[in-house]
Amino acid sequence: TPLQAVPVPLEQLTLFPFDCSASHNAEKRSTPQGRLATGATVEEIEVVGDRLHYRLLPGQVGAGPATGWVSIALKDKPLLQKCATPQSTPLQAVPGRLATGATVEEIEVVGDRLHYRLLPGQVGAGPATGWVSIALKDKPLLQKCATPQSTPLQAVPGAPGLWETSAWSDEEGFGVGHQGLFEFMLKGLRKEAKAQAEELDAKYKKGEFPPCIYVERMMAAEVPKTGGLLLYSAVPITPELKADVDEKGGCKVIVVPNSEHSRHQGGWMQAYPEAVVVFHGGDDVKPMVEAAGAQACLLGSEAATKALQGFDHAVLDMGGFQEIVLCHQKTKSLFTSDSIYLGCADKEDPSGWKNHTAPEWTRLYFKAFMEKSPSHLPTYRCFLGPDQQKPIASTLPTILAWKPQRVLSSRSGKTSEGGAEDAKKILIGHWGWCKA
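Small disclaimer: the values here were computed from a predicted structure and weren't measured.

Visitor: Explain the confidence of the model for the protein to me, please; I cannot follow it from the model alone.
Guide: When pLDDT is low, close inspection of the predicted coordinates is not appropriate. On average, the protein scores 83 in pLDDT, and the residues at 70 or more come to 82%. Under a pLDDT of 50 for its full length, residues 1-33 has, in the predicted model, 97 contacts with residues more than four places off or in other chains. Predicted confidence for residues 86-94 stays below pLDDT 50, and this span has 13 contacts to residues more than four positions away or in other chains.

Pasting the structure below:
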């Protein structure tokens, strides 16, 4: 759909005098402090019972909170009335500007101007809503992008209380887009393999083949005692995924494993404002920690320790790039992100190779970066000096002591299936070469 169009029609409503400061079903819906002004015009997001989840239309300075929940009526007296949608909308300036690569949702188009809503999880990408020009002197300023493709939460065999899902999208906001990854892959290919990649690229540009894109995986585990789920390495939230999570008690904890897998927790945070978001304490995640505000906590803090009850955890420092690694104690399942690339102890088993949108891209990536690697890592991850290897060598025995039965990774194509021995070989195959 163009620019990920709004999935439901939006109503405009004008407000009668009322006070929206009182709470209603506070555990599910919180109302911002303050009150809407009489005559404020709002947009309907959803109606639950006698309550309206609203969004304040732009251009109403001092009209009240930008979003929240309000009562539709008070003692049979209506507090809201529907109003006609304006045939023309004033194009009002919004402070700030959208960043290059920001992904927005189309509300409406008037002439050559787009009324947009910024999709969640894009820290520092610009105003949450506003108007932008579609083109400047016939040069496009916006382009349509694919809606993220994702699978439902799927139970991990032999691991009760554990689920996983995968997602991908050909857009820079999701990660490395097709062109960036394709050009990167070409650097590692030679002759026939390079020609094959160029042929697939040509098919992609004709719309005949999937993009050269990483497929990311998110792990979900039942939280002991309190119930609900812990999400590790978030993928974009969708209505279907949210419904799956709600069925299992909602999201209680979000673990952001590293700075590379920190793009999509924002949407989950907005959907579950009570969720605790756990970060490691490295400098590279400081902007994300600040953006998470009161929901954020650092590994080692009292809040993080409480949130991670039932999980062993460690920080793997890979040449200055830090990653939180978890082990779900109940199922002995290891959660990893960029530290593990292959889901099989046998490096030549293609079922465990790094996940892409098509087997052809997966094979070409293996040929470019894995085939001649001395380990289970791609060649470009093997250039660590002695001092960079020491933190890994000191942390690996701790992870091995957890005796995981399976390894799940955001990068690999499958969850390992060979039990504790297979999991040990995967870990040693990736990092056993590092010396203390």
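Following the structure, the description resumes.
Visitor: I keep staring at the side chain of Asn-258 and nothing clicks. Help me out?
Guide: Relative to the elements of secondary structure, Asn-258 occurs in the loop between strand S18 (251-255) and helix H4 (265-271). Exposure remark for Asn-258: the relative accessible area of 0% places this residue in the buried category. At a separation of 3.0 Å, a polar atom in the side chain of Asn-258 contacts the side chain of Glu-323. Each residue touching Asn-258, except ones within four places of it in the same chain, is listed here: His-280, Val-285, Phe-321, Gln-322, Glu-323, Ser-337 and Asp-338.

Visitor: Just checking my understanding: could you explain the sheet that holds strand S8 (residues 104-110) for this structure?
Guide: Hydrogen bonds between backbone atoms are what pair the strands of a sheet, whose relative direction is either parallel or antiparallel. Strands sit in the order S8-S9-S10 across an open sheet of 3 strands; the sheet is antiparallel. Bordering the open sheet on either side are S8 and strand S10 (129-133), each of which pairs with just one other strand. Sheet twist, expressed as the average angle between the axes of neighbouring strands with direction ignored, equals 30°.

Visitor: Looking at this structure, I do not really get the packing of aromatic side chains. What am I missing?
Guide: The relation between two aromatic rings is expressed through the spacing of the ring centres and the mutual angle of the planes. All chains considered together, the criterion is met by 11 aromatic pairs. Ring geometry for Phe-182 against Trp-361: centres 6.4 Å apart, planes inclined by 75°, an arrangement best described as edge-to-face. Remark: Trp-361 occurs in helix H7 (residues 359-370) and Phe-182 occurs in helix H1 (residues 178-186); sequence separation between them is 179 residues. The pair formed by Phe-182 and Trp-361 is uniform in burial state, with each residue classed as buried. Taken together, a centroid distance of 3.8 Å and an interplanar angle of 10° make the contact between Trp-353 and Phe-366 stacked. In this pair, Trp-353 is assigned in the loop between strand S23 (333-336) and H7 and Phe-366 in helix H7, connecting sequence segments 13 residues apart. We note that Trp-353, like Phe-366, is buried. Following the ring pairs from residue to residue traces out a cluster consisting of Phe-184, Tyr-214, Tyr-365, Phe-369 and Tyr-380. Its end group placed over the ring of Tyr-214, Lys-354 keeps NZ or CZ at 3.6 Å from the ring centre.

The rules behind these values
Residues numbered from 1 in each chain as written. Predicted model: local features only at pLDDT ≥ 70, side-chain atom pairs only at ≥ 80, totals over all residues. Heavy atoms only, no water. pLDDT = per-residue confidence, 0-100. Contact = heavy atoms within 4.5 Å. Helix = DSSP H or I, 4+ residues; strand = E, 2+ residues; numbered from the N terminus. Buried < 20%, exposed > 50% of the residue type's maximum accessible area, 1.4 Å probe, protein only. Polar contact = N/O pair within 3.5 Å; in protein donor to acceptor, adjacent residues only side chain to side chain. Pairing = 2+ DSSP bridges. Axes fitted to C-alpha atoms, helices over the stretch in contact; angles between N-to-C directions. Phe/Tyr/Trp six-rings, centres within 6.5 Å; stacked < 30°, edge-to-face > 60°. Lys NZ or Arg CZ within 6 Å of the ring centre and 35° of its normal.

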